[in-house]
Every structure is written in C-alpha cells, then in structure tokens.
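Residue-level structural notes
Given next are the chains, with one letter for each unit.
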Amino acid sequence: MAEEGLRQRKKDSKSRKPSKSIANPQSLWSIIQYICDCLWPSCIHKWSPLPGSSSGTIIDFSVDIPKRDAVVQAFKHAWLAYERDAMGSDEYHPISHNGSNLTEAGGIGYTVVDSIDTMLIMHLNEEYQRARDWIATKLTFDRDANFNTFETTIRVLGGLLSAYHLSGYDPIFLEKAQDLADRILPAFDTPSGLPLSMVNLAKRVGIPDRDNNGWVSTAEAATLQLEFRYLAHLTDEEKYWEKAERVMQVIKAGHLTTGLASIFMNPQDGRFVLSAIRLGSRGDSYYEYLLKQYLQTNLTESVYREMYDDAMNGVLGHLVQKSQNARLTYTSELIPERNPAGEISWRLIPKQDHLVCFFGGSLMLGAITTGAVSQNVSIPPRPEELTPQGKRDWATGLELIETCMRTHDTATGLAPEIVYFRIPNDGIDHSIVPNDWYIKGAKRGEYPPYDARYILRPETVESLFIAFRLTGDRRYRDYGWSIFSAIEKYCRIESGGYASVVNVDEVPPRHEDKMETFLMSETLKYLYLLFEDANVLPLSEYVFNTEAHPLPIFHPTIRTGFS
C-alpha cells in the first residue's frame, strides 16, 4: 500500500481534519530498488514477480494532470446541467432538460447529496458551496412515502457522512445524517433484525417488499454497515452499530456450508431463502462489505475476516469459471431447480453482470490484507508476502479485471449491462455469436434487450483505481482513459449532462433520457482518483462505501465483532 503498508493505519478521531498529501516512501523505495537492480544486481534478492507485477520498474503514483483535469471538466458538464435544469430533484433527464423525484411526496436530495463529496475531492469550491447551501436550507427527509432502505443508506446517508469528514466536520452534514438514520432505523424492527426493503421516512416505519414475497435482498441487508457503524463512532450512539451488526450475526448464524449466500433472506426467521447465488444484483455488495467491515475498524474484528475468507473460498470454488476459447476468467450464477420429486439441484449459468466488475479490485485488496503474511506489503506485493490464498485471490482479481476490459470490445467501447460466456455444447451458432462472450438476445434489426445497455456504471473503473493503487501499473490508467474517452464520445449530451446508451454495439448510439446519480458519485470520482496523486484518499486510511463515498478507517471505542 501507499505509505507504510495497509496495516499501519493512523487512528481516526472525531476532531482530526482530512489528511494532506505527503511524500510517498514506497515510491522512493521503488527508485532505490531500481538503481540497485541496474547497478548492483548482486545486492538485491532475486524474486519471481506475481501476475501483474514486474521487477526493475519505477512505480510512479504522481498525478496525471491533463487526464485528471479532463475528468473534472466532465463532472462540471454533468453537474452544471443538473443544477441548471433540476436542482434538488432526485434524478436528472439531460435530453428533456428536467428532473424527477423518486416519490410523489417529494425528493430527498439523491443527486445533490450523492455528488457533494466528489466536489470536495475535486476542489470545486463554488459548486460545493451552492450544494451545501441547498442541503442546509432545503433538504428534508419528512416525506410521507416509501424509500428503498439500501439505496437511501448508501447514497444519502453515506454521502452526508463522507461530506462531514471531507468538509472538515461541518455540523450540518452530521445533523442531517443523524436525522435520516433515525428515520431508517425502524426498518430493522423485524423478528430477525433483518431490515425491510423499504421505509416510510415521515412515518418512520419499515415496509416489506411486496414484489418478492416480503423477502429481503441479502446484499441490501448486508450493505448498510459501513454507514451506520461510522455514524455510531461519530455520535457515541451505539444503537446504530447494534442494528447494523445484528444483521451480520443473523447472516453468520444462517451460514451455508459452501460459504456462499443466496440472494434472498426471510426477515421473519432470518434464514436464507432458496434462490439464486451470484455476485451480480442482490448478491454483489454482501461480499464487498465483508472485507470492508474488516478494513473499516483497522483489522480489529476478526469475525469479518473469517466470514470473508470463507466466502472467497466458496466463490472461487463454485462460481469462478473460464471461457472455452480465450480462457477468460468470469463469475457464473447458480440457479436452484426442483424436480417433480421435490429434489433440489443447482444449474450453473455462464452469466455475468457488469456489477460484478467491482470484484477484481476487491479480490486484490483482500489479497494484501486477509491474504498477507506480514503487516507490511510492498507495491506491488512480492510472492513471499502473500499466503497461498492471497496469491490465488490476487491472480484471480487481475484476471477478472482483464475480462471486464474485454467486455468493452464493442462498437462504442462501452461495456453492456450483462454478458454471457460461451460454454461447450451450448448449441449456439458459431457464425452468429462470438467465440467467448456475447449479449444475449441482441439481434440485428430488433430493439435492444436491457442487457445491451450501458447506464454509466462505475464498477470496472472502481477496480482499475484499486489495481493501479496496488501495483502502479500504468496500463490501468490507460484502461481507465479508454473508458472515459468512450463515455465522452457516446454518452455526452452537448447541451449538458450524460445519458445512458441503449445498445453498446450501435453507432451512432440511441440514448435513454436519464443520467444515473452514480455517474457523479462513483464513475467520475474513481476516474479522477485513478489519475490523481495516490496520496489523495490513500487506501491505507479510507474505505469506500459501495456508492464510492470515502469514510475514514478508525479504531472502534465500543465493543464490536459480535462481542
């Protein structure tokens, strides 16, 4: 890791200001090592580098100013259009130049709050001040309507907490965050402690998901913890921690022998429901937050390391596969099937959501923490610094990133929402479908299926950001620039904003009149940080929530880890 290794973290306090850039001793050591290799090769222990690593290379984490500033201009193009046409609205429609709210009762500042920490990171002071003033004077959560518990937590609560830290602890953000959290807490009032999928913020009551038999998504229930735990740390209100931790206790108690988790749970009894197992929608961030909870509290809660290691063994043992020709590494899905006799079997489906592309970077981050032999890990890590599991996860993470980049081999250079991989005896005509991966149902002359869309998603650039920070390999910056260039060419609306592309294999593209909030919260933020100096928001001091809101790593002062 940058600076002194991922495990040697500074303790966060409630009064400490965000850290400023400092010299990077790892980069200095890389230069010294390079000189020794060239001039005095006998003085350096010879080692075989890990995949994605190379010896004798100067690692340069310094800022790429032109590319970084191009991303800033893209953010301004998106934000200023939203501010002009739809300020305060939850969502923005750049083609029709208007906004909309999630409910008829009014909005809760989705776009404003989701974007404000990006402004702080990019030093957009004027834009930040206007957004901050709107939050202080116009944002209200007293809306008599149902809001998604998960989305409201990761976007709005996470955004407020990140803004509180990065602004130098402006009290308005903590005040709003605590108000929102108190309104969300009743969603956890179920027999099991698993939160209901929806919550009425004005009435402060949880609402079951009527579309899924009242079940709760495993990922959604298990992706609230970073936010509520940090709020508990800031306020000394243990109720936030206890509600979030109870969810993890329930999940651990319902442990499946494979280490995997099906995508639905029953909030009444806390048990897993027979349903699909995947790293895509409704499953993804469960695995992500196992690792991040361990990192958030400075590696003090071993229960999350154990749960993470168990889950990774399950994922790599059951879900990770290779394509039949190019041997691309991908993750598949397990679908339960019941025969007439009532017996259950599992069918492996070679389907991967774009959402899964976060997993490559996550595996690499896990490799140098849960898979590290000692407290200090080099950049990039040396083989002797990782356990066998760490080496496995590192290599698999690199391979998954390469696969995700291959899905950008489209007419637009943008990746589709969902891809399928070729498997032996799949009965597909080789003259119609490519050899390794394809977009299902994408036929010429027909309206594109949902799978063919690119909706401004961030997951691949998230992994590129992490991979660059852990290796210093500039190919990840090159990959990121190619994705940014494709977004600029095919998603940019000249009058302002960016829009989703209906079919990534169609040029010129058709657009959907919607700019997802995660463009400014995640996609452009991760691209900015990819080209920024690595001392800005170092991974040794911050953990990013699943909406890319950076939260500081801290040493907990209350009893944790199911104690």
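Residues numbered from 1 in each chain as written. Predicted model: local features only at pLDDT ≥ 70, side-chain atom pairs only at ≥ 80, totals over all residues. Heavy atoms only, no water.

**Here's the deal with the overall build of the protein chain**
Here is the rule: A run of H or I in DSSP counts as a helix once it spans at least four residues, and a run of E counts as a strand once it spans at least two, with each numbered from the N terminus. Here's how the labels work: a residue is buried when its accessible area is under 20% of the maximum for its type, exposed when over 50%, partly exposed in between, all with a 1.4 Å probe on protein chains only. Note on contacts: a residue pair is in contact if any heavy atoms of the two residues lie within 4.5 Å. Surface accessibility follows the Shrake-Rupley procedure with a 1.4 Å probe radius. Residue values consider only the protein chains on display as shielding.
Each helix and strand in the protein chain was counted, giving 16 helices and 18 strands. For the protein chain, the proportion of its 563 residues judged to be buried stands at 62%. Of all intrachain contacts in the protein chain linking residues separated by at least 6 positions in sequence, the fraction that spans at least 24 positions is 71%. A total accessible area of about 21300 Å² is found for the protein chain, and carbon and sulfur atoms account for 49% of it.

**Concerning the pattern of salt bridges**
As a reminder, the rule being used: The salt bridge definition used is simple: a Lys or Arg side-chain nitrogen within 4 Å of an Asp or Glu carboxyl oxygen.
Under the definition given, this model contains 37 salt bridges. K292 is the partner of E462 in a salt bridge, and the nearest nitrogen-oxygen pair spans 4.0 Å. Separated by 170 residues along the polypeptide, E462 in helix α14 (residues 459-471) and K292 in helix α10 (residues 284-296) bring together distant segments of the chain. Note that R510 is salt-bridged to E506, the shortest N-O span being 2.7 Å.

**Concerning the pairing of strand β11 (residues 344-349)**
Both faces of the sheet carry side chains from a regular strand, because those side chains alternate between them. What counts here: At least two DSSP bridges between two strands are needed for those strands to be called paired.
Here six bridges tie strand β10 (residues 333-338) to β11, and the two strands are oriented antiparallel to one another. Bridged to L334 within β11 is L348. Between the end of β10 and the start of β11, which pair antiparallel, lie five residues, with G342 showing a positive phi angle near 85°.

**Considerations on the packing of helix α13 (residues 388-406) against helix α15 (residues 475-490)**
Short version of the rule: Angles shown run from 0 to 180 degrees and are taken between the N-to-C directions of axes, each axis being a line fitted to C-alpha atoms and, for helices, limited to the stretch in contact. For this classification, under 35 degrees means roughly parallel, over 145 means roughly antiparallel, 65 to 115 means roughly perpendicular, and everything else is oblique. Note on convention: the crossing is left-handed when the near helix lies turned anticlockwise from the far helix by less than a right angle, right-handed when the turn is clockwise. Asp, Glu, Lys and Arg are counted as charged, while Ala, Val, Leu, Ile, Met, Phe, Trp, Tyr, Cys and Pro are counted as nonpolar; the rest, among them Gly, fall into the polar class.
At a minimum axis distance of 12 Å, the contact between α13 and α15 shows a crossing angle of 25°. By the angle between their axes, α13 is roughly parallel relative to α15. Crossing of α13 over α15 shows left-handed handedness. Across from L398, I401, E402 and M405 in α13, the residues of α15 making contact are R475, Y476, Y479, S482 and I483. Considering only residue class, the contact of α13 with α15 consists of six nonpolar, one polar and two charged.

**Observations regarding the pairing of strand β13 (residues 418-421)**
Residues I418 and Y420 of β13 are buried on one face, and the alternating residues V419 and F421, pointing to the opposite face, are buried as well. Judged from the three bridges that link them, strand β12 (residues 351-353) and β13 form a sheet pairing that is antiparallel. Its bridge partner lying in β13, K351 is registered against Y420. With two bridges connecting them, β13 and strand β14 (residues 437-438) associate as antiparallel partners. Pairing of F421 across the sheet is with W437, part of β14.

**Considering the sheet that holds strand β5 (residues 205-207)**
The three strands lie next to each other as β3-β4-β5, forming an open sheet whose pairing is antiparallel. Strands with a single pairing partner mark the edges of an open sheet, and in this sheet they are β3 (146-148) and β5. Along the sheet, successive strands turn relative to each other by an average axial angle of 35°, direction set aside. Here three bridges tie strand β4 (residues 198-200) to β5, and the two strands are oriented antiparallel to one another.

**Some remarks on the state of the cysteines**
Working definition of a disulfide: a covalent bond connecting the sulfur atoms of two cysteines. Which entries qualify depends on this criterion: We call a pair of cysteine sulfur atoms a disulfide whenever their separation is within 2.5 Å.
Considering all chains together, one arrives at one disulfide under this definition. A sulfur-sulfur distance of 2.0 Å marks the disulfide that ties C357 to C404. Disulfide C357 to C404: torsion about the S-S bond roughly -100°, handedness left-handed. Here the residue C357 occupies a position in the loop between β12 and α12 (359-367), and C404 occupies one in helix α13, the gap between them amounting to 47 residues. By the burial criterion, C357 is buried, and C404 matches it.

**Observations regarding the confidence of the model for the protein chain**
The cut-off we apply is this: The predictor attaches a confidence to each residue, called pLDDT, with possible values from 0 through 100.
Of all residues in the protein chain, 89% have pLDDT values of 70 or greater, and the mean over the chain is 90. Below a pLDDT of 50 lies the segment residues 1-47, which in the model reaches 104 contacts outside its immediate sequence neighbourhood of four places, other chains included.

**Looking at the nonpolar core**
This is how the line gets drawn: In this text, buried Ala, Val, Leu, Ile, Met, Phe, Trp, Tyr and Cys residues form a nonpolar core when linked through side-chain atoms within 4.5 Å.
Counting residues in hydrophobic clusters, the biggest one holds 160 residues, and the most contacted among them are F228, Y287 and V315. Counting five residues, the second-largest nonpolar core is a separate cluster that includes I349, Y420, V433 and Y438.

**Some remarks on the environment of S323**
Cut-off, in case you're wondering: Any pair of N or O atoms that falls within 3.5 Å is considered a polar contact. Within protein, one atom must be able to donate a hydrogen and the other to accept it, and sequence-neighbouring residues count only if both atoms are side-chain atoms.
Position of S323 among the secondary structure elements: in the loop between β8 (320-322) and β9 (329-331). Sequence separation of S323 and R422 is 99 residues, and the distance between their C-alpha atoms is 6.1 Å. When residues no more than four places from it in sequence are discounted, the contact partners of S323 are L328, Y330, F421, R422 and D436. A distance of 2.7 Å separates the side chain of S323 from the backbone nitrogen of L328, its partner in a polar contact. Side-chain polar atoms of S323 contact the side chain of D436, separated by 2.7 Å.

**A short note on helix α16 (residues 518-531)**
The cut-off we apply is this: To estimate how far a helix should extend, the number of its residues minus one is multiplied by 1.5 Å. A residue's bend is the angle separating two fitted axes: one through the seven residues that end there, the other through the seven that start there.
Counted at 1.5 Å a residue, the expected span for α16 with its 14 residues is 20 Å, and the 19 Å between its end C-alpha atoms agrees. Along α16, the helix axis deviates most sharply at L524, where the bend reaches about 30°.

**Description of unusual backbone geometry**
The step from I379 to P380 runs through a cis peptide bond, and the omega angle for that step is -15°. Notably, Y169 is not glycine yet its phi reads approximately 75°, a positive angle. A residue is classified by how much of its surface remains accessible, and Y169, at 11% relative accessible area, is buried. Of note, R282 is a non-glycine position whose phi angle comes to about 70°, a positive value. Secondary-structure assignment places R282 in the loop between β7 (264-265) and α10.

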